[in-house]
Amino acid sequence: MTELSRRLDAHQRSRIAELDLTPTQAKALEELGEPKTARELAAVLCCEPPNVTYVISKLEKQGMVVRRPHPLDGRAKQLVLTDAGRELRLDLLRRMGTASPLDHLSREERAALRDDLLKALGRGD
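What you see as residue numbers is a count from 1 along each chain, following the sequence as written. Per-residue local features of the predicted model are confined to residues with pLDDT of at least 70, and side-chain atom pairs are confined, for both listing and counting, to 80 or more; whole-chain, interface and lining totals are unaffected and use all residues. Side-chain numbers here rest on the full set of heavy atoms in the structure, without hydrogens or water.

The protein is annotated in an unreviewed UniProt entry as MarR family transcriptional regulator of Streptomyces nigrescens.

The following block contains the structure:
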């Protein structure tokens, strides 16, 4: 398990680095497939809202994210990917799925591995 975890982590980090992103920026892009508030994104990323603000500010300066008024809460802002941000997100997701350490497994074997890991985590059948 440890070796597989190391290989998956190295794969993920190399794909993220190809796009000149930090791991936190990459995770934020992944999670912003749908608009979220900074507080919602912080909860998903398991970090404090000020850390998300810093990450989003960098992505905003790069033209990947904009802050828009929340449609239901006038006090909040939603984080929304720009067209460039959506393209970068798709590129990131595509790269993450390319040359994975699990590529040698068949679709069925991957499904079985997923099921077994979920079961080990107490989330399986």
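Now that the structure has been shown, the text picks up again.
## Digging into the UniProt feature "domain: HTH marR-type" (unreviewed entry) in the protein
Under the convention used in this document: UniProt positions are given in the numbering used here, feature names are shortened, and annotations may be inferred rather than shown by experiment. Numbered from the N terminus, helices here are DSSP runs of H or I no shorter than four residues, and strands are runs of E no shorter than two.
The residues that UniProt annotates with the feature "domain: HTH marR-type" (unreviewed entry) are residues 1-122. Segment residues 1-122 splits into 61% helix and 10% strand. End C-alpha atoms: 17 Å apart.

## Side note on the sheet that holds strand β2 (residues 65-69)
Where we set the bar: By definition, two strands form a pair when at least two bridges between them are found by DSSP. The contact criterion used is simple: two residues touch if any of their non-hydrogen atoms lie within 4.5 Å. Convention adopted: a line fitted to C-alpha atoms gives each axis, helices being fitted over their contacting stretch, and angles between N-to-C directions are expressed from 0 to 180 degrees.
The 3 strands are arranged β1-β3-β2 in an open sheet whose pairing can be described as antiparallel. Of all the strands in the sheet, just β1 (36-37) and β2 have a single pairing partner and so form its edges. The pairing of β1 with strand β3 (residues 77-81) spans 2 bridges and is antiparallel. Pairing of Thr37 across the sheet is with Gln78, part of β3. Against the sheet, helix α4 (residues 49-61) contacts β2 and β3, and its axis sits at roughly 110 degrees relative to β2.

## Some thoughts on the environment of Lys58
The line we're drawing: Throughout, exposure labels follow a simple rule: accessible area from a 1.4 Å probe, protein chains only, divided by the maximum for the residue type, with under 20% read as buried, over 50% as exposed, and the rest as partly exposed.
Note on placement: Lys58 falls in helix α4. By relative accessible area, which is 37% here, Lys58 ends up partly exposed. Linking Lys58 and Gln12, residues 46 residues apart in sequence, is a C-alpha distance of 21 Å.

## Some remarks on helix α2 (residues 23-31)
Which entries qualify depends on this criterion: Taken from the helix axis, the directions to the C-beta atoms give the arc we talk about.
Listing the buried residues of α2 in full gives Gln25, Ala26, Ala28 and Leu29. Axial view of α2: buried residues confined to an arc of 160 degrees, hence all on one face. Buried residues along α2 sit against α1 (2-18), α3 (38-45), α4, β3 and α5 (83-96).

## Examining the nonpolar core
The line we're drawing: As used in this record, nonpolar core signifies buried Ala, Val, Leu, Ile, Met, Phe, Trp, Tyr and Cys residues forming a set joined through side-chain atoms within 4.5 Å.
Counting 21 residues, the largest nonpolar core has Leu21, Leu41, Ile56, Leu59 and Val65 as the members making the most contacts within it. Of all elements in the fold, only α2, α3, α4, β3 and α5 reach the threshold of two or more residues within this core. Ranked by the residues each element gives to this core, the list is headed by α4, at 4 residues.

## Overview of the environment of Glu18
Here is the rule: Residues adjacent in sequence count toward polar contacts only when both atoms are side-chain atoms; beyond that, a polar contact is any pair of N or O atoms within 3.5 Å, and within protein one must be able to donate a hydrogen and the other to accept it.
With respect to the helices and strands, the residue Glu18 is situated in helix α1. You can call Glu18 partly exposed: its relative accessible area is 42%. Linking Glu18 and Gln78, residues 60 residues apart in sequence, is a C-alpha distance of 28 Å. Looking at Glu18, its side chain comes within polar contact range of the side chain of Arg15, at 3.2 Å.

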